[in-house]
Amino acid sequence: MKKYLVIFIVCMFVAVAYLWAQDAKMTVTTSSDKALALYNRAMSAMGNAELDTVNQFMNEAFKEDPDFFMGNARLALMNLYVDNQPEFKKYAENAVNSKAQLSKGETIIKSALEQLLQDPKADVTDLGNSLIELYPDDESAYYFQAQFQNIIKDYQESIKTYDALLKVTKNPGPVYNQMGYIYMNMGNFEAAQNAFDKYIELVPNHPNPYDSKGDYFMAVKDYTNAYASYTKAHQINQAWSYDKALKAKALM
């Protein structure tokens, strides 16, 4: 009897562990495996601000799954961040009108988008907290909350969220990039410089860290170093930073 009881307990433990693992990450609901793969590639590109690539992969994903909630939600918040209200409204409406059977996390994000459609500066950080409570090991929960905090310009709390994110992410470079811009918004240029330098250290072969550092130099009116940094980004990828470099050179 003991033998069977032990086996039963072990099986129950394995089952619980499996179910926990299933819920450890926020589910991205889609009817298409190909759409999910394209979405993941878009998210990788978003980390280093390859916005054209993000849009390309997302649009391909929508062809595979026109009712793709999370793809629309991500593009909605990306456009809200850059204050492109028409594009934000388009993608947010696509997301909230999705007929897909959403996961718990997606339902929370849908509620946030519904509020933001009513007021693009709404405080939805309570919903961001709910995401982190549900998915404390999922970096996407922290990214959503930081976005919600940045909408209301709560930069102190945003930095705390990014600090927490650094403990769970396997890709810290883009986190330091975001922190650099938040520190600049706060007027803490020393901390911003340190964050951008860490980004360069972690991702030395991508143009975006040098483009970001160029933005920092422009903000502190160090146009010579801004020009050098933008030029470095352009040397890595000819599609990056050329106009910024010209502007910095004119101000030198």
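Just above sits the structure.
Notes on the structure in this doc start here. Since this is a predicted model, take the numbers as computed values, not measurements. (Residues numbered from 1 in each chain as written. Predicted model: local features only at pLDDT ≥ 70, side-chain atom pairs only at ≥ 80, totals over all residues. Heavy atoms only, no water.)

Quick notes on the overall build of the protein
Point 1. For the protein, the helix and strand inventory stands at 14 helices and 0 strands.
Point 2. Helices and strands appear in the protein in the N-to-C order α-α-α-α-α-α-α-α-α-α-α-α-α-α.
Point 3. With the C-alpha coordinates of the protein rotated into their principal frame, the extents come out at 80 × 40 × 35 Å.
Point 4. The 252 residues of the protein split such that 44% are buried.
Point 5. Restricting the contact set of the protein to residue pairs at least 6 apart, pairs at least 24 apart contribute 53%.
Point 6. Summed over all atoms, the accessible surface of the protein reaches about 13,800 Å², with 54% contributed by carbon and sulfur.
Point 7. With 24 positive and 30 negative side-chain charges, the protein shows a spacing of 3 Å between the two charge centroids. (Helix = DSSP H or I, 4+ residues; strand = E, 2+ residues; numbered from the N terminus. Buried < 20%, exposed > 50% of the residue type's maximum accessible area, 1.4 Å probe, protein only. Contact = heavy atoms within 4.5 Å. Areas by Shrake-Rupley, 256 points an atom, 1.4 Å probe, with all protein chains shown as cover. Lys, Arg positive; Asp, Glu negative; His and termini not counted. Charge placed at Lys NZ, Arg CZ, Asp CG, Glu CD.)

As for helix 6 (residues 104–118)
Point 1. Compared with the 21 Å implied by 1.5 Å per residue over 15 residues, the 22 Å span of helix 6 between its first and last C-alpha is a close match.
Point 2. Among the residues making up helix 6, those that are buried are Gly 105, Glu 106, Ile 108, Ile 109, Ala 112, Leu 113 and Leu 116. Buried positions in helix 6, seen along its axis, are confined to an arc of 155° and lie on one side of it. Exposed and facing more than 90 degrees away from the buried side of helix 6 are Lys 104 and Gln 118.
Point 3. Lining the buried residues of helix 6 we find helix 4 (69–81), helix 5 (85–96), helix 7 (125–134) and helix 8 (139–151). (Expected span 1.5 Å × (residues − 1). Arc of directions from axis to C-beta.)

Looking at unusual backbone geometry
Point 1. Even without a glycine there, the phi angle at Ala 49 is positive, about 60°.
Point 2. Among the structural elements, Ala 49 can be located in the loop between helix 2 (33–47) and helix 3 (51–64).
Point 3. Its identity as a non-glycine residue notwithstanding, Asp 83 has a phi of 65°, on the positive side.
Point 4. Along the chain, Asp 83 turns up in the loop between helix 4 and helix 5.
Point 5. Residue Asp 83 is classed as exposed on the basis of its relative accessible area, which comes to 56%.

Let's talk about the layout of surface pockets
Point 1. Counted as a void, the largest pocket has a volume near 1,300 Å³.
Point 2. Lining the largest pocket we find 47 residues, and of these Met 43, Ser 44, Met 46, Gly 47 and Tyr 143 sit closest to its centre.
Point 3. Put simply, the parts of the chain that give the lining of the largest pocket at least two residues each are helix 2, helix 3, helix 4, helix 8, helix 10 (173–186) and helix 12 (207–219).
Point 4. The residue makeup of the lining of the largest pocket, split by class, is 22 nonpolar, 16 polar and 9 charged.
Point 5. The computed volume of the second largest pocket comes to approximately 370 Å³.
Point 6. Contributing to the lining of the second largest pocket are 13 residues, with Leu 80, Tyr 81, Asn 150, Ile 151 and Lys 153 lying nearest its centre.
Point 7. For the lining of the second largest pocket, the class distribution of residues is 7 nonpolar, 3 polar and 3 charged. (1 Å grid on protein atoms, 1.4 Å probe; cavity = no way out; pocket = protein on both sides within 12 Å on 5 of 7 lines; lining within 4 Å. Points joined across faces, edges and corners; volume = space filled by probe spheres on them. Nonpolar A, V, L, I, M, F, W, Y, C, P; charged D, E, K, R; others polar.)

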